[in-house]
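Coordinate inspection notes
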Amino acid sequence: KELQMYYEDIKKIEEKINTKIDSTIKSIKEKIKKELFMADGIIQGLFSEAKLIKYDEEIIKRARIRFDLDIPPGKKGSYGDAVIWEMLLKEFPEKEELYFVGFDNDFRSSIDDNDFSAFLLKEWKERKKADIKSYKHLGEFTKNKIPEIEQSDKIIEEEERVDRNFLVTTTAFN
């Protein structure tokens, strides 16, 4: 009987946790839809200054070859990352440092996901004669490269909170 009471208490706690996870996910999704994160404003500003790179048949062909030969970057069943990489290789100026912001594991080191892929970095240095500065999060980038953005620490906190909630969500469903 005592075990039954503990079991019921645990079930109630589990329900509360699941309710909290669900409400947090819902809140994050709403913020994403409405672009309410601090990072959204910064991204919009950066995108308004960015040069649009268009793909062409040559880029698609090179990306397909890369994908078919299992050359990074890329995921099984998708060659989108390879297209992006080939676009950068073709269009980005030589001898100009690339600032890469993103936590996509296909562009990250398999040894330390805080580092950029050694394979891609070597290819970039050989072809572009330049370095890549890699940031997993926008807040890290703004803090290091655009110090006049005073909310960098808050952006980092937001990104970490979203990452933690994403991690809880994904592990809860595995």
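As the structure is a prediction and not an experimental result, all values here were calculated from the model. (Residues numbered from 1 in each chain as written. Predicted model: local features only at pLDDT ≥ 70, side-chain atom pairs only at ≥ 80, totals over all residues. Heavy atoms only, no water.)

**A word on the overall build of the protein**
Of the regular secondary structure elements, the protein holds seven helices and two strands. When the helices and strands of the protein are placed in sequence order, the string is α-α-α-α-β-α-β-α-α. Over its C-alpha trace the protein gives a radius of gyration of 21 Å, far above what one expects of a compact globule, namely 16 Å for 174 residues. Principal-axis analysis of the C-alpha atoms gives the protein an extent of 70 × 40 × 30 Å. Out of the 174 residues in the protein, the part that is buried amounts to 30%. Considering only contacts within the protein whose residues lie at least 6 apart along the sequence, 59% involve residues at least 24 apart. (Helix = DSSP H or I, 4+ residues; strand = E, 2+ residues; numbered from the N terminus. Rg over C-alpha atoms; globule rule 2.2 N^0.38 Å. Buried < 20%, exposed > 50% of the residue type's maximum accessible area, 1.4 Å probe, protein only. Contact = heavy atoms within 4.5 Å.)

**Some words on the confidence of the model for the protein**
Considering every residue of the protein, the mean pLDDT works out to 86; 93% of them sit at 70 or more. Helix α7 (residues 152-172) is the least confidently modelled element of the protein, averaging 65 in pLDDT, while helix α5 (residues 118-128) averages 97, the highest of any element. Here residues 169-174 is modelled with pLDDT under 50, and outside its nearest four sequence neighbours on either side it reaches three contacts, counting other chains as well. (pLDDT = per-residue confidence, 0-100.)

**Things to note about the pattern of salt bridges**
Tallied over the entire structure, the rule returns 20 salt bridges. By sharing partners, the salt bridges in this structure join Arg62, Arg66, Glu86, Glu123 and Arg127 into a single network. (Salt bridge = Lys/Arg side-chain N within 4 Å of Asp/Glu carboxyl O.)

**So, helix α2 (residues 38-49)**
Every buried residue of α2 is listed here: Ala39, Asp40 and Ile42. Down the axis of α2, the buried side of the element spans an arc of 165 degrees, and every buried residue falls inside it. Set apart from the buried face of α2 by more than 90 degrees, the exposed residues are Ser48 and Glu49. (Arc of directions from axis to C-beta.)

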